[in-house]
Amino acid sequence: MASRNPSPASLSTPLLSDSISPTPTTNGHAGHHNHDNDDEESPTVCGGDGGGGGDPFAFLSEDRPAWWSPRGVSPADPFRNGTPGWCGAYELVRALVCAPVAAARLVLFGLSIAVGYAATWVALRGWVDVRERAAQEGAGPMPAWRRRLMWITRISARCILFSFGYHWIRRKGKPAPRELAPIVVSNHVSYIEPIYFFYELFPTIVSSDSHDSIPFVGTIIRAMQVIYVDRFSPASRKSAVNEIKRKAACNSFPRVLLFPEGTTTNGRFLISFQHGAFIPGYPVQPVIVRYPHVHFDQSWGNISLGKLMFKMFTQFHNFMEVEYLPVVYPPEIKQENALHFAENTSYAMAHALNVIPTSYSYGDSMIMARAVEDGKVNCSNYMVEMAWVKETYGVSTSEAMALLEDFLCMSPDKDGRVNAQDFWAHFGLNCTPLCKKIFQYFDFEAKESITFRQFLIGCAHLRKQPSFQDACETAFERCRNPLTSHIGREQLADVLRSSMLELMTDNGMMKLFKTLDVDDDDGISKDDLMASLTKLPFMIALFAGRINGEVYIEIV
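This section reports on the structure supplied with the text. All values derive from a computational prediction rather than experimental measurement. (Residues numbered from 1 in each chain as written. Predicted model: local features only at pLDDT ≥ 70, side-chain atom pairs only at ≥ 80, totals over all residues. Heavy atoms only, no water.)

## A short note on helix α10 (residues 338-353)
Rule in force here: Per the convention used, a helix needs a DSSP run of H or I reaching at least four residues, while a strand needs a run of E reaching at least two, with both numbered from the N terminus. The span expected for a helix works out to 1.5 Å for each residue beyond the first. Buried, partly exposed and exposed residues are distinguished by accessible area as a fraction of the type maximum, computed with a 1.4 Å probe on protein chains only: under 20%, between the cut-offs, and over 50%, respectively. Residues are treated as being in contact if the distance between any of their heavy atoms lies within 4.5 Å. Polar contact is the term for a pair of N or O atoms within 3.5 Å; when the atoms are in protein, one must be able to donate a hydrogen and the other to accept it, and sequence-neighboring residues count only if both atoms are side-chain atoms.
Taking 1.5 Å as the rise per residue, α10 with 16 residues should run 22 Å; its terminal C-alpha atoms sit 22 Å apart, in good agreement. All buried positions along α10 are accounted for by A338, F341, A342, E343, T345, S346, M349, A350 and L353. On its buried side, α10 packs onto β7 (183-186), β11 (269-270), β12 (284-290) and β14 (356-357). For α10, the side-chain oxygen to backbone nitrogen distance between the N-cap and L339 is 3.1 Å, and the N-cap itself is N337. Looking one or two places after α10, you find N354, whose phi comes out positive at around 60°.

## Notes on the environment of F232
One can find F232 in the loop between β9 (227-229) and α8 (234-249). Overall, F232 belongs to the partly exposed group, its relative accessible area being 47%. On a C-alpha basis, the gap between F232 and S396 in space is 9.7 Å, while along the polypeptide they are 164 residues apart. Excluding residues within four positions of it along the chain, F232 makes contact with R237, Y362 and M366.

## Examining the sheet that holds strand β10 (residues 256-258)
For the record, the criterion: What makes two strands pair is DSSP finding at least two bridges between them. Angles shown run from 0 to 180 degrees and are taken between the N-to-C directions of axes, each axis being a line fitted to C-alpha atoms and, for helices, limited to the stretch in contact.
Taking strand neighbours across the sheet as the criterion, the 7 strands line up as β6-β13-β12-β7-β10-β8-β9 in an open arrangement whose pairing is mixed. Lying at the two open borders of the sheet, with one neighbouring strand each, are β6 (170-172) and β9. On average, each strand axis in the sheet is inclined to that of its neighbour by 25°, with strand direction left out of account. Taken together, the 3 bridges between β7 and β10 define a ladder with parallel strand orientation. Bridge pairing in β10 links V184 to L257. Strands in contact with α8 are β7, β8 (204-208), β9 and β10; relative to β9, the strand with the most contacts, it is inclined by about 165°. With respect to the sheet, α10 is in contact with β7 and β12, its orientation differing from that of β12 by roughly 35°.

## Thoughts on the environment of Y228
One can find Y228 in strand β9. Along the backbone, Y228 and V206 are 22 residues apart, and their C-alpha atoms lie at a distance of 5.9 Å. When neighbours within four sequence positions are excluded, Y228 is seen to be in contact with S207, S208, D209, D212, R222, S236 and A240.

## Topic: the pairing of β12
Where burial is concerned, most of β12 is hidden: 6 out of the 7 residues are buried. The pairing of β7 with β12 spans 4 bridges and is classified as parallel. Bridge assignment links I183 to a residue of β12, and that residue is V284. Of the strand pairs in this sheet, β12 and strand β13 (residues 321-324) are connected by 4 bridges, and their pairing is antiparallel. Bridge assignment links V287 to a residue of β13, and that residue is Y324.

## A word on the pattern of salt bridges
What counts here: The salt bridge criterion pairs a side-chain nitrogen of Lys or Arg with a carboxyl oxygen of Asp or Glu, the two atoms within 4 Å.
Under the counting rule described, the total for this entry stands at 20 salt bridges. The partner of R246 in a salt bridge is E243, with the nearest N and O atoms 2.6 Å apart. Pair noted here: R246 and E243 are both in helix α8, with a separation of 3 residues, about one helical turn. For the salt bridge of E243 with K247, the shortest nitrogen-to-oxygen distance reads 3.8 Å. Of the two residues, E243 and K247 are both situated in helix α8; the distance of 4 residues between them amounts to about one turn of the helix. Here the residues in one salt-bridge network are R170, K172, R290, E321 and E323, joined through shared partners.

## Digging into the nonpolar core
Across soluble globular proteins, nonpolar side chains have a tendency to be buried as a group. Just so we agree on the cut-off: Put simply, a nonpolar core is a bunch of buried Ala, Val, Leu, Ile, Met, Phe, Trp, Tyr and Cys residues held in one set by side-chain atoms that sit within 4.5 Å of each other.
Formed by 77 residues in total, the largest nonpolar core has its most connected members in F423, F452, F455, F538, I540 and F543. For this core, the element with the highest residue contribution is helix α16 (residues 452-463), accounting for 7 residues. Excluding its chain neighbours within four sequence positions, the residues that come into contact with F543 are A475, C479, L492, V495, L516, L529 and L533.

Put into C-alpha cells, the structure is as follows:
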C-alpha cells in the first residue's frame, strides 16, 4: 500500500486515487491504449468515433476528454474482520476449555438484560407518551428521578460487558466537562462501544429508526433520548442536525454521542466522517477505542453478530482501551465549514490511533454487503472509496447502488471483473467496433475487463461533462417520432443501424428498448431517455450519429 502522512487537507482524497489527466491526441482524437487489432478486424469508414479509432465521446466537449491514469486501487479493506473462521486447533481448544465459563457468562448476560430492561421500563413509564406528544415542539430532558433510576440499567450494562469478557477496561484521559464539549465522537469498531458509553456517560445518541424495534435494546435506546435519523432522507438528516444542535445547546441534556463513521470498521483504518456532529459548530471531544488482541479480532466487520458473540463468550478475557483526547474546537474563520472541522477531528483521531484515514465510507460497506448477498467472492474488490466519488463527481450512494445492480447482472468473475461480451450482453448488444471503443473508455488498464470502480467512475465522469445534458436532449429531439413525441422501436432501430449495430437480434433489440423505456409504457419518452442516460451515460455514444448529423458505414 502506498503510504502517506495524514493531514487535514488530504482526508478528502482517496487512499490511492484515480487522478484525472489529459491524454495526448492523435489525428484529432484522444489517445487511449493500443488495440492495434481492432482496426484490422473491423475496417471502417467513419465520420466520428465509429469502430476504427478515436474517442466515442469526443462530441461531448470541445476540449480533449480527460482520462484517469491507470493507477492501482487501494488494497485497504476497513471492514474485514481478521479472524472470521471457525477452524483451527487453538479455536477448538479454547472453546472447549471456556465452555463452562461461556455458560455462566450467558446466564449473567441474560440476567443483566432482564434487570436493565425492567429498570428502564419503570423509568420510562408515563414519560414516553408525553415525550412523543411533544416531539414536534422538542421534548425536554429526562427528569432527574428517572435518570437516577437509569443507574440500575447502567450497572447492568457494565455487567453485560463483564459477561463478554471485558473484566477491566483501561481508560486514559477523562471526559471533558459537558459545558466545554457537549458533543462526543468516537471511532466505531464493535457493538461494545455503545454499551460502554451508555455505562460511562449515559449520553444522547443518534440512531437509525430500525433500532427502535429491536427487542429490549430498543427500549433502552429510547431512554437515552435518542435522535432518530434516516440517513437516506435529506429531510430526516436535516431534522437530526437541528435536534443535535438543540440538545447540545442545553446543559440540562446529557452529552450527544455520535459515531461519525456511520458504521463499524476493523479499527485499522478510519473511514470518511459524516458531518452531523460538526455542522452545529460546538466543541467536540474525540474518543478513541482500541481492542488489542493476538488471536481474536473483536471488530464487527464481515462476521455475523452470533459468531462474534460466541467468540467473545469463549474468550477468557477481551482487552479494551478507551482514550479521551483533547477537545477539538470549530474553526474560528466562518468560511471554514463543517468539512474542515470533521477533517481536523479525523486527523486528531487517526494520529492517536496511528492509523490511516481513507475515503471509504458507509456507502462502501453497503456496496460490499450487496456483493456478499449476491454470493460474490472477494467482495471488498467492489468498494470504490465512496466518499471521494461523492465529493469529486456528486454521485450519491443510492445512485452507486443502482449501478451496482447492473454490474452484478453482468456475471463478474471471482475478482469482480467483467469482460466486454458480458458487459454488452446485459444490454442486449453485440460487441461491435463502436461498443469496443466504449468499453475501452472504461478499461484504462487494457486488461480487457473492468471493475465496478472503473464502471462507476467512468459513468460519473461522462455525466459530469458540460454538454452531456444538452447532448441527451438533442438525441431525443432528433430521434423521436414527430407524431407521438416518443422514440419507438423503429426509431431506435434506425439509431442503432446508423451506429453500426444492425446485426442485433430481436431479443437484444427488445432488451435495449426496455432498458431505455424506464416506465415500461412501450415508448421512450424524453423523461425516460434522460433518466436512462443519466444512469447509464455511456449509452449516449449510440446516439452520436444523430447528434452530429452523421451516418456511419461499416465496410464488410
